[in-house]
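Understanding the architecture of this molecule
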Amino acid sequence: AQSVTQLDSQVPVFEEAPVELRCNYSSSVSVYLFWYVQYPNQGLQLLLKYLSGSTLVESINGFEAEFNKSQTSFHLRKPSVHISDTAEYFCAVRSNFGNEKLTFGTGTRLTIIP
Amino acid sequence: SQTIHQWPATLVQPVGSPLSLECTVEGTSNPNLYWYRQAAGRGLQLLFYSVGIGQISSEVPQNLSASRPQDRQFILSSKKLLLSDSGFYLCACRDGYTFGSGTRLTVV
């Protein structure tokens, strides 16, 4: 079984400040890791994923996440946030066998303060 | 790339009424498909997944059922809705880890 913990349910950040959204996972087998973003009343959009290779992955809109196996973490970071980054962010884990389902954290609501 | 279509976008249904939510996928064949539910203020819970036509697995016991009549079609149903069935329902595809835009269901 696997689980995902997002310790921060809400994170307020001033515009142009850096942000880190934390994600820790638990799994007895090797996993793939994901970050999704959800804007109000919309579905989930894949932000970035770690499948293999470089432990640092980047998205097209300036976010990055680093897979840290020893700390079982996959924290999401952005050096300078914009108003448009206001959304809910979900971390997810998937084992690389079985039904390949995604197990999600409870989400972190990122609010950008002008 | 894959595209997932879900409809309707919003739905208000009385308690005890039936439900049918449809999900169709474009851009891939024989995908693994999933139904998730997102309750207010909570994360996403996997309800059903399907690895092929007619193959459905349920993750949690509940008032809902799912069917996969065609390769790229996944349907979520209920014979009699409960208040607790309210939520945001999302269809997802294993290929591309893609989600649809969701259906917001309110049972009144």
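Before reading further, recall that the structure is shown in the block above.
What comes next is a walk through the structure. Since the model is a prediction, treat every value here as computed from it, not as a measurement. (Residues numbered from 1 in each chain as written. Chains lettered and ligands numbered in written order. Predicted model: local features only at pLDDT ≥ 70, side-chain atom pairs only at ≥ 80, totals over all residues. Heavy atoms only, no water.)

Moving on to the interface of chain A and chain B. When the parts come together, some accessible area is lost, and that loss is often what is quoted as the size of the interface. Opposite the 20 residues of chain A that make contact, chain B presents 19 residues. In total, about 1500 Å² of surface goes out of reach between chain A and chain B, with carbon and sulfur atoms giving 53% of it. At the boundary of chain A with chain B, the tally comes to one salt bridge. Close ionic contact of Lys-101 of chain A with Glu-59 of chain B constitutes a salt bridge, the shortest N to O distance being 2.7 Å. Where chain A touches chain B, the interface holds six residue pairs in polar contact (both at pLDDT 80 or more). Elements represented by at least two residues in the side of chain A that touches chain B include exactly β5 (31-38), β6 (44-50) and β10 (87-95) of chain A. Counting residues per element, the side of chain A that touches chain B draws most heavily on β5 of chain A, at four residues. Here the side of chain A that touches chain B is composed, by residue class, of nine nonpolar, seven polar and four charged. (Contact = heavy atoms within 4.5 Å. Buried area = accessible area lost by both parts, 1.4 Å probe. Salt bridge = Lys/Arg side-chain N within 4 Å of Asp/Glu carboxyl O. Polar contact = N/O pair within 3.5 Å; in protein donor to acceptor, adjacent residues only side chain to side chain. Helix = DSSP H or I, 4+ residues; strand = E, 2+ residues; numbered from the N terminus. Nonpolar A, V, L, I, M, F, W, Y, C, P; charged D, E, K, R; others polar.)

Of the consecutive residues Trp-7 of chain B and Pro-8 of chain B, the connecting peptide bond is found in the cis state with omega at 0°. Relative to the elements of secondary structure, Pro-8 of chain B occurs in the loop between β1 (3-7) and β2 (10-13). One non-glycine residue, Glu-16 of chain A, adopts positive backbone phi at about 75°. In this model, Asn-30 of chain B sits at a positive phi of 50°, which is unusual for a non-glycine residue.

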